[in-house]
Amino acid sequence: MNNFEQSPGPGETAGDEQVQPADQMSAEINQSAEIQLPEVLPILPLRNTVVYPMTVLPLSADQPRSIRLVDAAVQGNRLVGLVAMKDASVETPGPDQIYEVGTVALIHRLLRAPDGSVRLIIQGLQRIQITEWTAEEPYLMARVQARPEVTVDTVEVEALNRNLLELFRRLVDLVPHLPDELMMAAINTEDARQLAYLVATSIRMEVVEAQQILEADNVADKLRLLTRILNRELDVLELGKKIQTEAQGEMEKVQREYFLREQMKAIQRELGEEGETQVVEEYRQRIEERNMSAEAREQALRELDRMSKMPPQAAEYSVIKTYLDWLLDVPWAKVTEDNLDIKHARGVLDEDHYDLEDIKDRIIEYLAVRKLWHERFEQREGDQEPDVLSDDSLPAIVREEPENTGQGAILGLIGPPGVGKTSLGRSIARALGREFTRMSLGGVRDEAEIRGHRRTYIGAMPGRIMQALKRVGVRNPVFMLDEIDKLGRDFRGDPTSALLEVLDPQQNNTFRDHYLDVDFDLSDVIFIATGNLLEPIPPPLLDRMEVLELDGYTETEKVHIARNYLVPRQIRANALLPGEIDFTEDALRRIIRDYTREAGVRNLEREIGRVLRKVATRAATGEREKTVVSAEEVPGYLGKQRYYFEAAERTETPGVATGLAVTAVGGDILFIEASRMAGKKGLTLTGQLGEVMKESAVIAVSYVRANARRFGIDPGFFDDNDIHIHVPAGAIPKDGPSAGVAMVTAVVSLLTRRPVKSNVGMTGEITLRGQVLPVGGIKQKVLAAHRAGLNSVILPKRNEPDLDDLPPEVREQMTFILADQIKDVLDHALGEPLPEEQAHDGEREESLALTVETTEDRVRTS
């Protein structure tokens, strides 16, 4: 409640006020002592402070109850009763929590701070005794009466007075912050009572002892209490000075660091804290034993010296201790030796993953370079035979480059979920014999997650890069950064930009974490970043990575993966034995076709697990016969079929075309639907389309209108009709230019009443001149068409080189039409050639134009 604390003693500043020594205030004190004491006074409880009569002190108040009391007193007679609290931990003291003897004080000056608190300069006048409490709200009020001291000028009082002055002089000599003017004020004080209060205000003591001095009625008793307290304080100070003198005698003058350490040892021996010295020495020994970099070792010793000079109770002591623990736990030099056996690596990769030849070849290439480097350059010292590649055959600039050894690698595995990106990282680590660690970047928005917090912040800690290295215990692990395409940015920073230093081979050998604040070499780490899409990754970050795309699996590949990897793994996961369950190939194909529609195999493994759990349930009830799951039995385990080949059904009606797209979960097909209705040249677009896709739709309609005669469409049709283009699955955002040719095909199909072939999928960007431009993600789109049962795909002609990336099985089963103009697309998609472009004079216009429909026919057709 009332949080008053005593500021520095006389002669020292408190806020903006200079506290005057007692001799300068004596005239004012004597004048104020004549003020008549009221019957009822407001009472301010003081926390850890006792105010004496005949003294001037600064106080501060920051709690509402205290501020209200001060404001009321200033508006009145400026008198207030100051009484110490018995227990300083009590938040809102009542009459039972404060003493009964205090001091009535006069408020001389009041200052208001910007934070709402007030600062006071008060003058103690005389002692008071609380006789009755009259109020507790809005602040404490009590009836008081004066309690004068008994002063008798005797020889004993004179002796106590002189003894107190001598003890106080010794104290002033030993305590640097007590000014000499304070001693002069004590010498010039003739009143024994005033001397007692001056000394009591200047020395350090407990509240209980200070209250005893205030409550003592006899001045001689006050002097005796002060003499005992001063003697005790002098013993402590003189012992400290003795310790300092002894420590100085044991040191050589030129060894200042050794002197400070021994001085601290002597103090700790007196305080019984010798264990802290042992802690410091243990840290010093660990620093010497760790093979740290020169910069890190220098920083660790600097921080250790700071810690050795602090008491363990200091707040910064634990901060420095935590920082040293981090510096010592980081793997500065510990590495794992790479297994450079090429055959072993190939065997591990083939054992863990089917296909993915590009990825496996890249890892084998990395191992081959490491092996040659190790054999030809790292082991040259002591070799008797000349090197296969002599330095003389290299350019001078290459011979002088010692750092870029090609040990680190930054791979970017981009592909839909379930194609094996994360598990591939584990296989790479196993093939190399390295440790494996990973961190997910999905949703990370704080730059400090990557680079760490600066140590000036409360709760600071290193970034997740250094945390992972500490956890794995070596400096050259295989480090997987999952979901790199899902990084965010906000007011806390841009973690994507922070990753530039981590993933740049020219910079990460001097990576500097904000918390550790020393360089750390990340060039030996193999970083593998994974993501679903390339587009969200900023180009500067993408430029640092060697991108390897995993576009998904064909049905045959999924069957092989399920047979050799997923089924055995799920058998073990569901506590079954290999001889208790088996799948026919047709059963696996039916699960793939009718119950999953994905680029990877994650949902396929879940469906296999569902089947095995039902088999495990029967086995747990005592049925031990082997179960062979056939294609006909799959619905009994998994329920009704979930996915259908619906392209034929959807494209029966004119105005529907099958497009191909790339999503975060791989390639997929999408249906473009067009409809017409009575109106005035309007165009409606639905299906949660992005800006680029909306522009493609506008371009498609504009192109059809501009070439209406060529397609056999009445040019006046658009004057009385509106076009509506819809892309189903409206809850899913869709964007991109690759649906342009599908939109043109859907509109032409609608207006010419010719349905699009049901087995055809298409992709490509369209221009206003009817040119088909290339697009990306060809492999993922073709695999999606293959999964959906389409056997013919229309692609831009300039995408022909992308067909080399397709699996041979897909190339054999599908037909590819390479289109350069939209006419090539329409000729194949609509099943019959379009009529030639008509002359502008309108010749044969009647035979090619559509019959004008009545308003009723248009409404019914829409």
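Residues numbered from 1 in each chain as written. Predicted model: local features only at pLDDT ≥ 70, side-chain atom pairs only at ≥ 80, totals over all residues. Heavy atoms only, no water.

A. Focus on the overall build of the chain. If you tally the helices and strands in the chain, you get 31 helices and 26 strands. Classification of the 862 residues of the chain by burial places 47% in the buried group. Within the chain, contacts between residues at least 6 apart in sequence are counted, and of these 74% link residues at least 24 apart. Of the roughly 42700 Å² that the chain leaves accessible, carbon and sulfur atoms contribute 47%. (Helix = DSSP H or I, 4+ residues; strand = E, 2+ residues; numbered from the N terminus. Buried < 20%, exposed > 50% of the residue type's maximum accessible area, 1.4 Å probe, protein only. Contact = heavy atoms within 4.5 Å. Areas by Shrake-Rupley, 256 points an atom, 1.4 Å probe, with all protein chains shown as cover.)

B. Looking closely at the pattern of salt bridges. Taken as a whole and judged by the stated rule, the model has 54 salt bridges. Note that arginine 143 and glutamate 132 form a salt bridge whose closest N and O atoms lie 3.4 Å from each other. With arginine 143 in strand S8 (residues 141-146) and glutamate 132 in strand S7 (residues 118-135), the pair connects residues that are 11 residues apart, well separated along the chain. Judged by its relative accessible area of 30%, arginine 143 falls in the partly exposed class. By relative accessible area, glutamate 132 is classed as partly exposed at 44%. In this structure, glutamate 351 and arginine 430 form a salt bridge, with 3.9 Å as the shortest nitrogen-oxygen distance. Here glutamate 351, found in helix H12 (residues 342-352), pairs with arginine 430, found in helix H15 (residues 421-432); they are 79 residues apart in sequence, far enough to count as distant. (Salt bridge = Lys/Arg side-chain N within 4 Å of Asp/Glu carboxyl O.)

C. Inspection of unusual backbone geometry at higher detail. Residue proline 138 follows glutamate 137 across a cis peptide bond; omega there is 0°. Mapped onto the secondary structure, proline 138 falls in the loop between S7 and S8. Here the phi dihedral of alanine 575 falls at roughly 65°; this positive angle occurs in a residue that is not glycine. Unlike most non-glycine residues, arginine 753 shows phi in positive territory, near 60°. If you trace the backbone, arginine 753 turns up in the loop between helix H26 (740-752) and strand S22 (760-762).

D. Molecular detail of the packing of H12 against H15. Close contact between H12 and H15 brings their axes to 8 Å; oriented N to C, the two are set at 155°. Regarding the angle of H12 to H15, the classification is roughly antiparallel. In the crossing of H12 with H15, the sense of the turn from one axis to the other is right-handed. Across from His344, Ala345, Val348, Leu349, Glu351 and Asp352 in H12, the residues of H15 making contact are Ser427, Ile428, Arg430 and Ala431. (Axes fitted to C-alpha atoms, helices over the stretch in contact; angles between N-to-C directions. Parallel < 35°, antiparallel > 145°, perpendicular 65-115°, else oblique. Left-handed = near helix turned anticlockwise from the far one by under 90°.)

E. The arrangement of a negative patch on the surface in detail. On the surface, a cluster of negative charge is contributed by Asp358, Glu549, Glu800, Asp804 and Asp805. Within the secondary structure layout, aspartate 358 lies in helix H13 (residues 357-378). (Patch = residues over 30% accessible without salt bridge, like charges linked within 9 Å, V, L, I, M, F, W, Y side chains within 5 Å. Lys, Arg positive; Asp, Glu negative; His and termini not counted. Charge placed at Lys NZ, Arg CZ, Asp CG, Glu CD.)

F. Local environment of the packing of aromatic side chains. For the structure on display, the rule yields 6 aromatic pairs. Ring geometry for tyrosine 52 against tyrosine 197: centres 5.3 Å apart, planes inclined by 25°, an arrangement best described as stacked. One end of the pair, tyrosine 52, is in the loop between strand S3 (40-46) and strand S4 (56-61); the other, tyrosine 197, is in helix H5 (residues 192-202), and 145 residues separate them in sequence. Taken individually, tyrosine 52 and tyrosine 197 each receive the classification buried, so the pair is uniform in this respect. The side chain of arginine 455 reaches across the aromatic face of tyrosine 323, ending 3.8 Å from its centre. One Lys or Arg, lysine 470, reaches over the ring of tryptophan 326 and ends 4.0 Å from the middle of that ring. (Phe/Tyr/Trp six-rings, centres within 6.5 Å; stacked < 30°, edge-to-face > 60°. Lys NZ or Arg CZ within 6 Å of the ring centre and 35° of its normal.)

G. Looking closely at the pairing of strand S25 (residues 792-796). Among the 5 residues in S25, 5 count as buried, and that is most of the element. Taken together, the 3 bridges between S22 and S25 define a ladder with parallel strand orientation. Paired with valine 760 across the bridge in S25 is serine 792. In the sheet, S25 pairs with strand S26 (residues 815-819) via 5 bridges, with the strands oriented parallel. Across the sheet, valine 793 pairs through a bridge with phenylalanine 816, a residue of S26. This β-α-β element, S25 to helix H28 (residues 808-813) to S26, shows right-handed connectivity. (Pairing = 2+ DSSP bridges. Right-handed = clockwise from strand over helix to strand, strands pointing away.)

H. The arrangement of the side chain of threonine 745 in detail. Among the structural elements, threonine 745 can be located in helix H26. The contact partners of threonine 745, leaving out residues within four places of it in the chain, are Ala657, Val756, Met762, Val825, Leu826, Ala829 and Leu830.

I. Summary view of the sheet that holds strand S9 (residues 409-414). Taking strand neighbours across the sheet as the criterion, the 5 strands line up as S10-S11-S14-S9-S15 in an open arrangement whose pairing is parallel. The open sheet has two edge strands, strand S10 (436-440) and strand S15 (546-549), and neither has a second partner. Strand after strand, the sheet turns through a mean of 20° between neighbouring axes, direction not considered.

J. Seen up close, the environment of aspartate 355. Residue position: aspartate 355 is located in the loop between H12 and H13. Along the backbone, aspartate 355 and histidine 560 are 205 residues apart, and their C-alpha atoms lie at a distance of 9.9 Å. Apart from the residues within four sequence positions on either side, aspartate 355 is in contact with Lys360 and Glu557.

K. Structural detail: the nonpolar core. Ranked by internal contacts, the top residues of the largest apolar core, which has 55 residues, are Ile43, Tyr52, Phe168, Ile203, Met205 and Leu226. Those residues in contact with tyrosine 52, other than ones at most four positions away along the chain, are Thr103, Gly124, Tyr197, Ala200, Thr201, Met205, Ala210, Ile213 and Leu214. If you look at the next biggest cluster of nonpolar residues, it comprises 53 residues, including Ile359, Val419, Leu424 and Ile528. (Core = buried A, V, L, I, M, F, W, Y, C linked by side-chain atoms within 4.5 Å.)

L. Up close: the pairing of strand S5 (residues 79-84). Counting buried positions along S5 gives 6 out of 6 residues, so the element sits mostly inside the fold. Side chains Leu79, Gly81 and Val83 of S5 all project onto a buried face; the interleaved residues Val80, Leu82 and Ala84 project onto the opposite face, where all are buried too. The pairing of S3 with S5 spans 4 bridges and is classified as parallel. If you follow leucine 46 over to S5, its bridge partner there is alanine 84.

M. Just H26, in detail. Here H26 contains 13 residues, and its C-alpha end-to-end distance of 18 Å stays within 8% of the 18 Å for a straight helix at 1.5 Å per residue. Arginine 753 sits one or two residues past H26 and shows a positive phi near 60°. (Expected span 1.5 Å × (residues − 1).)

N. Here's a closer look at the packing of helix H4 (residues 180-187) against H5. Remark: H4 packs on H5, axes separated minimally by 10 Å, with the N-to-C direction vectors making an angle of 160°. The angle between the axes of H4 and H5 places the two elements in the roughly antiparallel class. The crossing of H4 and H5 is left-handed. Where H4 approaches H5, its residues Leu182, Ala185 and Ala186 are matched on the opposing element by Leu195, Leu198 and Ser202. A breakdown of the residues in the contact of H4 with H5 according to their chemical character gives 5 nonpolar, 1 polar and no charged. (Nonpolar A, V, L, I, M, F, W, Y, C, P; charged D, E, K, R; others polar.)

O. Structural context of the confidence of the model for the chain. With 85% of its residues at a pLDDT of 70 or more, the chain has an overall mean of 81. This model gives residues 1-33 a pLDDT under 50, and the stretch forms 83 contacts once residues within four places in sequence are excluded. Predicted confidence is poor over residues 400-406, with pLDDT under 50, and the contacts of this stretch with residues over four places away or in other chains come to 4 contacts. (pLDDT = per-residue confidence, 0-100.)

P. Examining the environment of glycine 531 more closely. Mapping glycine 531 onto the fold places it in strand S14 (residues 526-531). Sequence-wise, glycine 531 and proline 416 are 115 residues apart; in three dimensions their C-alpha atoms are separated by 7.8 Å. Sequence-distant contacts of glycine 531, that is, excluding residues within four places in its chain, are made with Leu413, Ile414, Gly415, Lys421 and Asp485.

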